[in-house]
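Working through the structure, step by step
Each chain, letter by letter, is given below.
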Amino acid sequence: MSKTHQKVVLVGDGAVGSSYAFSMVQQGLAQEFAIIDLNKKRTEGDALDLEDATAFTAPKLVYGADYDTCKDADLVVITAGAPQKPGETRLDLVDKNLKIIKSVVEPVVKAGFQGIFLVAANPVDILTYAVQKFSGFPRNKVVGSGTSLDSARLRVALSKKFNVSPLDVNANMMAEHGDTEFAAFSSATIGGLPLYDLAEAKGISKEELYQLEDDVRNKAYTIINSKGATFYGVATALMRISRAILRDENAVLPVGAPMSGEYGLKDIYIGTPAVVNANGIAEVLEVPLDEREAKAMADSAKTLEEIAKNGMAKLQG
């Protein structure tokens, strides 16, 4: 993917999709950006609006399109799906969004697409798994946004707690992008110092950190209850993953990655740090977990496996 002309196709031009498109234009990533949505009038309007921004950033061909445009794309990003409403969990969306995802993946593959899938629709871990199954693509070529947004939220929260820049916080939320996720505090560092050591030195208790973890876990609900949806954070997280793929960065990012025995898990996508490059997921990094974290990872995986299995069975039956 080191070719000079790169093409990204976005499927789903709702709040998240259009925010992602704007983020990609701002960053000057890819020379060609196609938008697919059932509402073709909206994609045309968004394309016209976005192209105006390219006068200030970098040249980019932006246009509304159909699935046949996926044939020569490097990256197809899926944000299409029913959004999470106030009072709903991400897992509540499984059945309706599995149907939507199937209706997206089939025409993308039929068009001859051979690039990387990046999935952001919820519940993202289950839908990423479904995209891989529906497409038949190698597992490394299907990437989920995973806990990239949650980890950003954790870094912001810790930066406020410790009065440092979030850029200097190295900490990850892991497992499901949802209610069973957890903060991997035992491996977290700030400026190279272990988080637990720094917390002890500053008189910050584990109970305070666990409360912060809970606040991060529930931040989406706070935002949804306030403004109806979350989109700026996840759109920027998607841009970051896209950049790692398009620029072949070998970046370590907390994404939805396929398990091949890591954490004792197989045949599941779950949030963990992984090396992301032009091939998609180059390597899953198995983070050492303490007893609390290992139990949380196993419990989260069990929840995801059950719901994924039932959802796929319903769809096929």
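The structure contained in this document is the topic of the report that follows. (Residues numbered from 1 in each chain as written. Predicted model: local features only at pLDDT ≥ 70, side-chain atom pairs only at ≥ 80, totals over all residues. Heavy atoms only, no water.)

Considering the overall build of the protein chain
Scanning the protein chain for helices and strands turns up 10 helices and 14 strands. What you see for the protein chain is a C-alpha radius of gyration of 19 Å, in line with the 20 Å of a compact globule of 317 residues. Seen along its three principal axes, the alpha-carbon backbone of the protein chain occupies a region of about 55 × 50 × 40 Å. Scored against the burial criterion, the 317 residues of the protein chain give a buried share of 53%. Long-range pairs, those at least 24 residues apart, make up 71% of the contacts in the protein chain between residues at least 6 apart in sequence. Surface accessibility of the protein chain: about 13800 Å² in total, with carbon and sulfur atoms responsible for 51%. Charged side chains of the protein chain number 34 positive and 41 negative; the gap between the two group centres comes to 3 Å. (Helix = DSSP H or I, 4+ residues; strand = E, 2+ residues; numbered from the N terminus. Rg over C-alpha atoms; globule rule 2.2 N^0.38 Å. Buried < 20%, exposed > 50% of the residue type's maximum accessible area, 1.4 Å probe, protein only. Contact = heavy atoms within 4.5 Å. Areas by Shrake-Rupley, 256 points an atom, 1.4 Å probe, with all protein chains shown as cover. Lys, Arg positive; Asp, Glu negative; His and termini not counted. Charge placed at Lys NZ, Arg CZ, Asp CG, Glu CD.)

With respect to the packing of aromatic side chains
This structure, assessed with the given rule, holds 7 aromatic pairs. Between Tyr20 and Phe33, the aromatic rings sit 5.9 Å apart at their centres with planes inclined by 50°, giving tilted as the arrangement. A residue pair is termed long-range when its members are at least 10 positions apart, and Tyr20 in helix 1 (residues 15-27) and Phe33 in strand 2 (residues 32-36) qualify at 13 residues. Residue classification places Phe33 among the buried residues on the basis of a relative accessible area of 1%. Between the aromatic rings of Phe113 and Phe137, the centroid separation amounts to 5.8 Å while the plane-to-plane angle is 20°, which identifies the pairing as stacked. (Phe/Tyr/Trp six-rings, centres within 6.5 Å; stacked < 30°, edge-to-face > 60°.)

Some words on helix 5 (residues 148-162)
With 15 residues, helix 5 extends 21 Å between its outermost C-alpha atoms, agreeing within 8% with the 21 Å of an ideal straight helix rising 1.5 Å per residue. Directly beyond the C-terminal end of helix 5, a positive phi value near 60° is found at Asn163. (Expected span 1.5 Å × (residues − 1).)

Notes on the layout of surface pockets
Empty space among the atoms becomes apparent when a probe as large as a water molecule is rolled across them. Empty space within the largest pocket amounts to approximately 800 Å³. If you trace the largest pocket, you find 39 residues lining it, with Thr79, Ala80, Gly81, Ala82 and Pro83 closest to the centre. At 4 residues, the largest contribution of residues to the lining of the largest pocket is made by helix 3 (residues 94-110). In terms of residue class, the lining of the largest pocket is built from 20 nonpolar, 13 polar and 6 charged. Of the pockets and cavities examined, the second largest pocket occupies roughly 570 Å³. Every residue lining the second largest pocket is counted, 20 residues in all, and those nearest its centre are Ser148, Ala152, Arg155, Arg240 and Leu253. For the lining of the second largest pocket, the elements supplying multiple residues, two or more each, are helix 5, strand 7 (169-170), helix 9 (232-246) and strand 12 (251-260). Sorting elements by how many residues they give to the lining of the second largest pocket places helix 9 first, with 7 residues. Class assignment of the residues belonging to the lining of the second largest pocket gives a composition of 12 nonpolar, 5 polar and 3 charged. (1 Å grid on protein atoms, 1.4 Å probe; cavity = no way out; pocket = protein on both sides within 12 Å on 5 of 7 lines; lining within 4 Å. Points joined across faces, edges and corners; volume = space filled by probe spheres on them. Nonpolar A, V, L, I, M, F, W, Y, C, P; charged D, E, K, R; others polar.)

Looking at the pattern of salt bridges
If you walk through the whole model with that rule in mind, you get 16 salt bridges. Asp13 is the salt-bridge partner of Arg42, the closest N and O atoms lying 3.5 Å from each other. Of this pair, Arg42 sits in helix 2 (residues 40-53) while Asp13 is found in the loop between strand 1 (7-11) and helix 1, placing the two residues 29 residues apart along the sequence. A salt bridge links Glu213 to Arg217, with the shortest nitrogen-to-oxygen separation between them at 3.4 Å. Separated by 4 residues within a single helix, Glu213 and Arg217 lie in helix 7 (residues 206-217), roughly one turn from each other. Both residues of the pair, Glu213 and Arg217, count as buried. What you see here is one network of salt bridges that share partners, running through Glu213, Asp214, Arg217 and Arg292. (Salt bridge = Lys/Arg side-chain N within 4 Å of Asp/Glu carboxyl O.)

With respect to helix 7
In this model, helix 7 (12 residues) spans 16 Å end to end at C-alpha, consistent with the 16 Å of a helix rising 1.5 Å per residue. Against helix 5, strand 8 (173-174), strand 9 (182-183), helix 6 (195-201), helix 8 (219-227) and helix 10 (291-316) lie the buried residues of helix 7.

Side note on the pairing of strand 1
For strand 1, the buried fraction is high: 5 of the 5 residues fall into the buried class. The side-chain alternation of strand 1 yields two buried faces, one formed by Lys7, Val9 and Val11 and the other by Val8 and Leu10. Direction of pairing for strand 1 relative to strand 2: parallel, over a ladder of 5 bridges. Across the sheet, Lys7 pairs through a bridge with Glu32, a residue of strand 2. With helix 1 bridging strand 1 and the parallel strand 2, this β-α-β connection has right-handed handedness. (Pairing = 2+ DSSP bridges. Right-handed = clockwise from strand over helix to strand, strands pointing away.)

Topic: empty space enclosed by the protein
For the structure shown, the criterion picks out 1 cavity of 30 Å³ or more. In this structure, the largest cavity encloses a volume near 30 Å³. If you go around the largest cavity, the residues you meet are Tyr129, Gln132, Lys133, Arg139, Pro258, Asp267, Ile268 and Tyr269. If you list the elements that add at least two residues to the lining of the largest cavity, you get helix 4 (124-135) and strand 13 (266-277).

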